[in-house]
Amino acid sequence: MTDQVRALVVDVQRFSVHDGPGIRTTVFFKGCPLRCAWCQNPESLRPEPEPNVGRWVTVDELLEEVRRDGTFYGADGGVTLSGGEPTLQHEFLRLFVPRCVKAGLSVGLQTCGAYSHSALESLLGDLGFVYFDLKLMDRAAHKQHTSADNRTILANARRLVADGTTVLFRIPLIPSITDTPDNLSATADFLEELDQERIHLLAYHPLGEAKLARLGFPIAPLGLSPDPEALPRAVSFLESRGLTVST
Ligand code: SF4
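Now for a description of the structure that goes with this document. Given the structure is predicted, the values throughout are model-derived calculations rather than measurements.

## Thoughts on the environment of Glu65
Considering the arrangement of structural elements, one finds Glu65 in helix α1 (residues 59-67). The spacing of Glu65 and Ala220 is 155 residues in sequence and 37 Å in space, taken between C-alpha atoms.

Okay, structure coming up:
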């Protein structure tokens, strides 16, 4: 059974220190339902193999790969499911995640939030944490910049918190798009509604935009210059709203 269910992954990155607590192995799953103009991993967007990008793995193969570094994980580290959007491959995750837990590996998930809650529900008990990205609170702006509106994403955020899952919300700070006072303020309102005290900010890097065009996505590059003041400005704004901010 487990040999028949395979996942399409772009990369397995060992010794990651930015994808959750401790030292982790991060698995980048291929396929994403969104099309953000600032995407840094455009090779992970299409849910099919492409020349030089993407390989199929079975549960046993991936488990063997992530277990290799188990001795370095320590008490905090483990495996982080990233992408792309890992929940698109939920049938695989439903087999893979319990096997990791059984092998003593803690598992965290990074998600854009655009998934069906019923697909994820049975996994939640096995996840140590969820990093959940909030991009734009305005529905139309979300659709304009990511190709989908945010209703499902916000509903899933509410549901995860209500279920008692450990969630860290994150905002990618895209100049003049997500880092505006209006959007940060609306995000702070939303976190207040969810009784969340923490937020993590991701700095903007224009690195993926040229790749989007090269890979044939009809998404115009934003062509924005990273603003060195944007991060401290957003930190101070969100702290003034009572949030504990990490970067
Ligand atoms: S959700 Fe993440 S992986 Fe998907 S398009 Fe947006 S930035 Fe890229």
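What follows picks up the thread again.
## What to know about the pairing of strand β1 (residues 6-16)
Sheet topology places β1 next to strand β3 (residues 55-58); 4 bridges connect them, and they run antiparallel. Residue Val9 lies in a different strand from β3, and its bridge partner there is Arg55. Where β1 meets strand β2 (residues 24-29), 5 bridges bridge the pair, whose relative direction is antiparallel. In the strand pairing of β2, Val12 is matched with Val27.

## Topic: the packing of α1 against helix α3 (residues 90-102)
α3 packs onto α1 with a crossing angle of 40° between their chain directions and a minimal axis gap of 10 Å. By the criterion of interaxial angle, the relationship of α1 to α3 is oblique. The chirality of how α1 crosses α3 is right-handed. Residue-level contacts link Val59, Leu62, Leu63 and Val66 of α1 to Phe92, Leu95, Phe96, Arg99 and Cys100 of α3. By residue class, the composition of the contact of α1 with α3 is 8 nonpolar, no polar and 1 charged.

Calculation notes
Residues numbered from 1 in each chain as written. Predicted model: local features only at pLDDT ≥ 70, side-chain atom pairs only at ≥ 80, totals over all residues. Helix = DSSP H or I, 4+ residues; strand = E, 2+ residues; numbered from the N terminus. Pairing = 2+ DSSP bridges. Axes fitted to C-alpha atoms, helices over the stretch in contact; angles between N-to-C directions. Parallel < 35°, antiparallel > 145°, perpendicular 65-115°, else oblique. Left-handed = near helix turned anticlockwise from the far one by under 90°. Contact = placed C-beta atoms within 7 Å. Nonpolar A, V, L, I, M, F, W, Y, C, P; charged D, E, K, R; others polar.

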